[in-house]
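# Remarks on the overall topology
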Amino acid sequence: QLQNKILILTICAAGIGGTFQYGYNISIINAPASYIQMFMNTTWLERMGVPLESNVILLLWSFTVSAYPLGGLTGAVVAGPMAIMLGRKMSLLLNNVFVIIAATLSGFSRMAKSFEMIMLSRFFTGVNAGVSMNIQPMYLAESAPKKLRGAVALTSASFTALGLVLGQIVGLRELLGGEESWPFLLASNVVPALIQLTALPWFPESPRYLLIDRGDKESCISALQKLRGTSDLSAELEEMLAEQAAVKGQRAKNPWELFQNPALRWQLASIVVLSSAMQLCGNDSMYFYAAYVFQEAGIPQDKIPYVVIGTGSCELITSVTCNMIIDYAGRRPLLLGGYIFMAGWAIVFMVALSQQTQISWMPYLSMACIFAYILSFGIGPAGVTGVLPTEVFDQMSRPAAYMICGSLLWFNLFLVGTAFPFIVKSLAHFCYIPFLVVCVCTALYVWFFLPETKGKSFLEISEEFRKRNFKTKTRAGFYKGPEEIKTTTL
C-alpha cells in the first residue's frame, strides 16, 4: 500500500506544478479582463496625455491573450531537448522558473505602471504550460506500471481541469477577481510552483529514462523499488531491458526525423490528427459562448460566474471518471464515444441557437448542450490524447513526438482563438459547422486506423504499428516508379 501511496504522491507532485498551471492560467485571465483593459487605457493616458481608442485597447488585449499560446508553442519546442538532456523530473522542476518570472512581472505591473509587463508575464506563463503539457504525461506514463499506465498518464487531464475550476473560483469578485486585487490574481500562479519545488525532489526520476537514455541500471532499479516496493520487479525490468536492446545504438530523434521515417508513418498520423482535433473540436469555444447562453436563459448577470464554474466542474468530473475507466474500457471506445457525442451535441446546439428567440425553452436546451459538449470532451479526447504519444512511440522518438504534439496543440489553440470571432460573425448560429466536421472526421479516423493500446507493453504496441506501416508496401510492391531522373534535357 505504501508504494501505491508513493505513486499517488508522485502524480500529485508532478501535477500541481505541471498541467494544473495550464488550466489555472487559462481561466484566471477571464475575470480581470475589463480591469486590465482600463489599466491599459489609464497608463497610456498618463504617458501620452491622450486616451486609447477602443479598437486599439482591443488589439492590445488580444496581444495579451495570444502571448499565452505563443509562449506555449515555445515551451513545447524546448520541452523535447529538456526532457532528453535534463531528464523528466529535473525538467519539471526547472520549468517553475518561468512561472516565478511571470508572477513577479504581473504582480508588480500596476506598481510599475506597465501593461507590457502583463504581456511578457503571459508569455512566460505559456512557456511553463508548454513544457509541462509535454513532459508531465511522459514522466508519469514512464513511471507507471503497465496495468495502470493509462490512468496514471491521464491524471494530467484531471489536473488541467482542476486548475481550470480553481482559476474560476479564485477569479470570483469576492476572492481575487476585484478591481483592487487583479495583480495578485495573476501572480497567484506562483503558489503551485512553490509547492512543486518543495515536493517533487523527494520522488524518483522516470525508471525508463534512467535505464534506456542514461544506461544507469542501478538507479533504474532503485527508482522502481521506490515506486513498486518489494514486489517482483524482474518481469518489468526484463521488458525495459528488451526495450533498451531494441533501441541500442540509437540516439534521441529530432522531430523532422520522425516525418522521414516510414516505420513511424501511422503513429505520426495518429498523433497529428488527434492533437489537432483536441483544439479544433470547439470545446474551448463553448466557454466563450457560455456567458451569452446563460444570460439568454435568464440567469442574472452577477450570478453567471458561478454557473460558469459549473462548466469547469463538468470537465473535472468527467476527466476523473475517465481516469477510473480508461484501463478497463480502453482508449479507442473513449475517443470514439467522445467525438461522436460531440458531433451530435454540436448539431443540437446549432438548432437551439437558431431558435433561441422564437421558442421560450430553447435557451435551456442550449445550456444543456454546453454542459453535454464539455462532458463528452472530458470523457475521452481531453485525457486520452495526451496518453497516446507515450504509448505509440519508443523511448528515442517520444520527446520529439511530444514536441510535434505540443506545437500543434498550441498553434491550433492560437488559430481557434483568433478565428472564432470571425467564424461567429460570418456563420452566426451555424458557427459550429467547422467543429462538427472535425469531430466526425476524427471519429472516422479513430474507427478505421487507430489500434487499441490498453494493457500492452510498449514493444507490443510498436510491433502492431510496424505491421500497419509496412502492410501497404507489400501491396504496392509491383511498381517501383522511376528511381531518379538524371537529366531534364531531351
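Residues numbered from 1 in each chain as written. Predicted model: local features only at pLDDT ≥ 70, side-chain atom pairs only at ≥ 80, totals over all residues. Heavy atoms only, no water.

### Regarding the domain arrangement of the protein
- Domain parsing of the protein yields domain 1 (1-203) and domain 2 (257-470).
- Listed by partner, the interface residues are 40 residues for domain 1 and 43 residues for domain 2.
- Between domain 1 and domain 2, the buried area comes to about 3300 Å², and carbon and sulfur atoms account for 68% of it.
- Area buried by domain 1 at its contact with domain 2 is led by Arg149, Leu154 and Gln168, which between them contribute 18% of it.
- The tally of links from domain 1 across to domain 2 stands at 2 salt bridges.
- The residue Glu142 makes a salt bridge to Arg398 at a minimum N-O spacing of 2.8 Å.
- On the surface where domain 1 and domain 2 come into contact, there are 10 residue pairs in polar contact (both at pLDDT 80 or more).
- Elements supplying a minimum of two residues to the side of domain 1 that touches domain 2: helix 4 (54-85), helix 7 (116-143) and helix 8 (149-170).
- Sort the elements by how many residues they give to the side of domain 1 that touches domain 2 and helix 8 lands first, with 14 residues.
- A per-class count over the side of domain 1 that touches domain 2 returns 24 nonpolar, 10 polar and 6 charged. (Domains from an automatic or database assignment. Contact = heavy atoms within 4.5 Å. Buried area = accessible area lost by both parts, 1.4 Å probe. Salt bridge = Lys/Arg side-chain N within 4 Å of Asp/Glu carboxyl O. Polar contact = N/O pair within 3.5 Å; in protein donor to acceptor, adjacent residues only side chain to side chain. Helix = DSSP H or I, 4+ residues; strand = E, 2+ residues; numbered from the N terminus. Nonpolar A, V, L, I, M, F, W, Y, C, P; charged D, E, K, R; others polar.)

### Side note on the environment of Ala199
- Inspection of the secondary structure puts Ala199 in helix 10 (residues 190-199).
- Overall, the relative accessible area of 23% leaves Ala199 in the partly exposed class.
- For the pair Ala199 and Ala13, spaced 186 residues apart in the sequence, the C-alpha separation amounts to 5.8 Å. (Buried < 20%, exposed > 50% of the residue type's maximum accessible area, 1.4 Å probe, protein only.)

### Considering helix 20 (residues 381-392)
- Helix length check: helix 20, at 12 residues, gives a terminal C-alpha distance of 16 Å against a target of 16 Å (1.5 Å per residue), a fit within 8%.
- In terms of burial, helix 20 is largely enclosed, as 11 of its 12 residues are buried.
- Listing the buried residues of helix 20 in full gives Pro381, Ala382, Gly383, Val384, Thr385, Val387, Leu388, Pro389, Thr390, Glu391 and Val392. (Expected span 1.5 Å × (residues − 1).)

### Side note on the pattern of salt bridges
- What the rule picks out here adds up to 15 salt bridges.
- Residue Asp327 is joined to Arg331 by a salt bridge in which the shortest nitrogen-to-oxygen separation is 3.0 Å. Considered together, Asp327 and Arg331 belong to a single accessibility category, that of buried residues.
- A salt bridge links Glu391 to Arg331; the shortest N-O distance between them is 2.6 Å. In this pair, Glu391 is assigned in helix 20 and Arg331 in helix 18 (residues 331-354), connecting sequence segments 60 residues apart. Accessibility assignment for this pair places Glu391 and Arg331 in one class, buried.

### Quick look at the packing of aromatic side chains
- Following the criterion strictly, the structure yields 11 aromatic pairs and no others.
- Centroid distance Tyr68 to Trp410: 5.6 Å. Interplanar angle 80°. Geometry classified as edge-to-face. Of this pair, Tyr68 sits in helix 4 while Trp410 sits in helix 21 (residues 398-427), and the two are 342 residues apart along the sequence. When sorted by exposure, Tyr68 lands in the same class as Trp410, which is buried.
- Among the aromatic side chains, those forming a connected cluster through ring pairs are Trp266, Tyr445, Phe448 and Phe449.
- Stacked on the ring of Tyr68, the Lys or Arg Arg122 has its end atom at 4.6 Å from the ring centre.
- We note Arg398 situated over the ring of Phe458; from NZ or CZ to the ring centre the distance is 4.7 Å. (Phe/Tyr/Trp six-rings, centres within 6.5 Å; stacked < 30°, edge-to-face > 60°. Lys NZ or Arg CZ within 6 Å of the ring centre and 35° of its normal.)

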